[in-house]
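Inside the fold
Residue strings, one per chain:
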Amino acid sequence: MTTLDRSFSNRAAATGDQAVLLRNLWYYALPAHQLKPGTMLAKSLLGEPVLLARSRTGKVFALRDICPHRAVPLSCGRFDGQEVECCYHGWRFDSTGRCTAIPSLTDDQDLDLSRFRVQQYPLREVQGNLWIYMGDGTKDQSPDEAEIPVVPSFGNQPHQLVITAHFPCSIDHAVVGLMDPAHSPFVHRAWWWRSGKTQEEVKTFDPSPYGFTMRRHKIENMGHGYRLLGGIPETEIAFRLPGVRIEHISTGQHTVCNLTTVTPLSETETEVTTSFYWTTPWLTALKPVLKPLVQAFLNQDRDVVAKQQVGLKHNPGLMLIRDADTQARWYYQLKAEFLRATAEGRPFVNPVKEQVLRWRG
Ligand code: FES
Ligand SMILES: [Fe+2]
């Protein structure tokens, strides 16, 4: 075991399945179409109650879902397409979180309403997705929008297909499970994907912003899913903090991109969303068939981490073994560096170096 392997074991043993949740990053909040104009919905993100809303004119915003008067969730109230009204005493708040009305005040009771505010979260709509910035309350709340992950080749086009699954585990186990190259032959056994046989893989990785990228290469041992694209596709897979994976597959003629995001709802509950972008019109026609297949695939990942929870309850030490677990090791190193850089108030220095990894998967 290396020092890092050991420290991972100790961390896991000390905390069970609870992850440190990184702040000052953009997190995937919701597929944009799920928030209709003039509606609001409540969601737990990183353990915080958040109200997500879209005005009648289409503008999205997010507020802390707690009324500053007496703590009733604002999402229990009404939204007129412009302002949110608390269900308890009718205080009203605009999209910036500013209080605009306190109905109990008499005409001669002068009160500066701007003293009462609900925290606003930066929320942006990009490529059919809503991204929310979860600050730490100390930094200014005008984060760099250039850091919102973007799927290449698709401009501001929305995704064609999006599937979500709820993982009963911390963000760490969800991320490590999804990027783990050794589980596929065992967890994803399906005729349309892969056989149960393992094969040797050799891949080159490079550091990339807040993460690493599996260098573009030809997909040689294609599963049936890839075969549908025709030609020999090339793929590149980028991972970045907090838990965003973008796969870019192209055959020269066609491009398919997959964005998979891992968002902690709390320390022990995680939401995984996988969305697809493509230029192939016939894939659009196949959507009714693809949807249940993708859901089944994601559910296989969910089911295995649900089983893992049974063992994790007993706080066992865990292992990261050789190249197959190197991406998981990098994930923990990236997280540790992000925390150190934030604490020291200095720029993030990517700990990943160019490396060739070999495994059977
Ligand atoms: S608790 Fe919201 S208005 Fe009183
Ligand atoms: Fe998987």
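Next up on the list: unusual backbone geometry. Leaving glycine out, the prevailing phi sign among residues is negative, and the prevailing peptide bond configuration is trans. Look at the link from Leu241 to Pro242: it is a cis peptide, with omega at 5 degrees. Its place among the elements puts Pro242 in the loop between strand E15 (234-240) and strand E16 (244-250). Not every positive phi belongs to a glycine, and Gln127 is a case in point at roughly 50 degrees. Here Gln127 is to be found in the loop between strand E10 (123-126) and strand E11 (129-134). Residue Gln127 is classed as buried on the basis of its relative accessible area of 2%.

This next bit is on the domain arrangement of the protein. Annotation of the protein at the domain level lists domain 1 (35-137) and domain 2 (147-360). Across the contact, 11 residues belong to domain 1 and 20 residues belong to domain 2. Of the roughly 1,200 Å² buried at the junction of domain 1 and domain 2 (both faces included), carbon and sulfur atoms supply 57%. Linking domain 1 to domain 2 there are 1 salt bridge. Residues Lys43 and Glu271 are paired through a salt bridge, measuring 2.5 Å at the closest nitrogen-oxygen approach. The tally of links between domain 1 and domain 2 comes to 12 residue pairs in polar contact (both at pLDDT 80 or more). Of all the secondary-structure elements, those providing two or more residues to the side of domain 1 that touches domain 2 are strand E2 (39-45), E10 and E11. Among the elements that line the side of domain 1 that touches domain 2, the one with the most residues is E2, at 3 residues. For the side of domain 1 that touches domain 2, a count of residues per class yields 4 nonpolar, 5 polar and 2 charged.

One way to put it is that helix H2 (residues 171-179) packs onto helix H7 (residues 326-344) with a least axis distance of 9 Å and a crossing angle of 145 degrees. Judged by the twist between their axes, the crossing of H2 over H7 is right-handed. Residues Ile171, Asp172, Val175, Val176 and Met179 of H2 lie in contact with H7, whose contacting residues are Gln327, Ala328, Tyr331, Tyr332 and Lys335. Tallied by class, the residues present in the contact of H2 with H7 amount to 7 nonpolar, 1 polar and 2 charged.

Protein-derived ligands of the iron ion (ligand 2) are His183 (NE2), His188 (NE2), Asp301 (OD) and Asp301 (OD), with the metal-ligand distances lying across 2.0 to 2.7 Å. If you look at the iron ion (ligand 2), its 4 donor atoms make angles of 52 to 148 degrees with each other, and the shape they trace is irregular. Along the chain, the residues donating to the iron ion (ligand 2) fall in the pattern H-x4-H-x112-D. Here His183 falls in the buried class, since its relative accessible area comes to 11%.

Moving on: the layout of surface pockets. In this structure, the second largest pocket spans a volume of roughly 430 Å³. In this structure, the second largest pocket is lined by 25 residues; those nearest its centre are His173, Val176, Gly177, Asp180 and Gln308. For the lining of the second largest pocket, the elements supplying multiple residues, two or more each, are H2, helix H6 (287-312) and H7. Per-element accounting of the lining of the second largest pocket gives the leading share, 6 residues, to H2.

How each quantity is defined
- One numbering rule holds for all chains: residues counted from 1, following each sequence as written.
- Here the convention is simple: chains get letters from A, ligands get numbers from 1, in the order in which they are written.
- Owing to the predicted nature of the model, reporting of local features is limited to residues with pLDDT of at least 70; listing and counting of side-chain atom pairs is limited to 80 or more, with chain, interface and lining totals taken over all residues.
- Excluding hydrogens and water, the side-chain figures rest on all heavy atoms present in the structure.
- Numbering of helices and strands runs from the N terminus, with a helix taken as a DSSP run of H or I at least four residues long and a strand as a DSSP run of E at least two residues long.
- Accessible area is worked out with a 1.4 Å probe on protein chains only. A residue is then buried under 20% of its type maximum, exposed over 50%, and partly exposed in between.
- Domain start and end points were adopted from an automatic or database domain assignment.
- It only takes one pair of heavy atoms within 4.5 Å for two residues to be counted as in contact.
- Throughout, buried area stands for the accessible area (probe radius 1.4 Å) lost by two parts on being put together, summed over both.
- One side-chain nitrogen of Lys or Arg within 4 Å of one carboxyl oxygen of Asp or Glu is enough to make a salt bridge.
- A 3.5 Å cut-off defines polar contacts: any pair of N or O atoms within that distance qualifies, except that in protein one atom must be a possible hydrogen donor and the other a possible acceptor, and neighbouring residues in sequence count only when both atoms are side-chain atoms.
- Each residue gets one of three labels, nonpolar for Ala, Val, Leu, Ile, Met, Phe, Trp, Tyr, Cys and Pro, charged for Asp, Glu, Lys and Arg, and polar for the others, Gly among them.
- For helices, the axis comes from a line fit to the C-alpha atoms of the stretch in contact; other axes are also lines fit to C-alpha atoms, and the angle between any two N-to-C directions lies between 0 and 180 degrees.
- For a crossing to be left-handed, the near helix must be turned anticlockwise from the far one by less than a right angle; the clockwise case is right-handed.
- Counted as coordinating are nitrogen, oxygen and sulfur atoms within 2.8 Å of the metal, or 3.2 Å for Na, K and Ca, while water is not included, which may make sites look incomplete.
- Irregular is the default label, applied whenever a site is not tetrahedral (four donors, all angles between 85 and 135 degrees) and neither square planar nor octahedral (four or six donors, opposite donors over 155 degrees apart, all other angles between 65 and 115).
- The distinction between a cavity and a pocket rests on a 1 Å grid over the protein atoms alone: a 1.4 Å probe fits inside a cavity but cannot get out, while a pocket stays open yet meets protein on both sides within 12 Å along at least five of seven lines, and a residue with an atom within 4 Å of a point counts as lining.
- Grid points are joined across faces, edges and corners, and a volume is the space filled by probe spheres set on the points.

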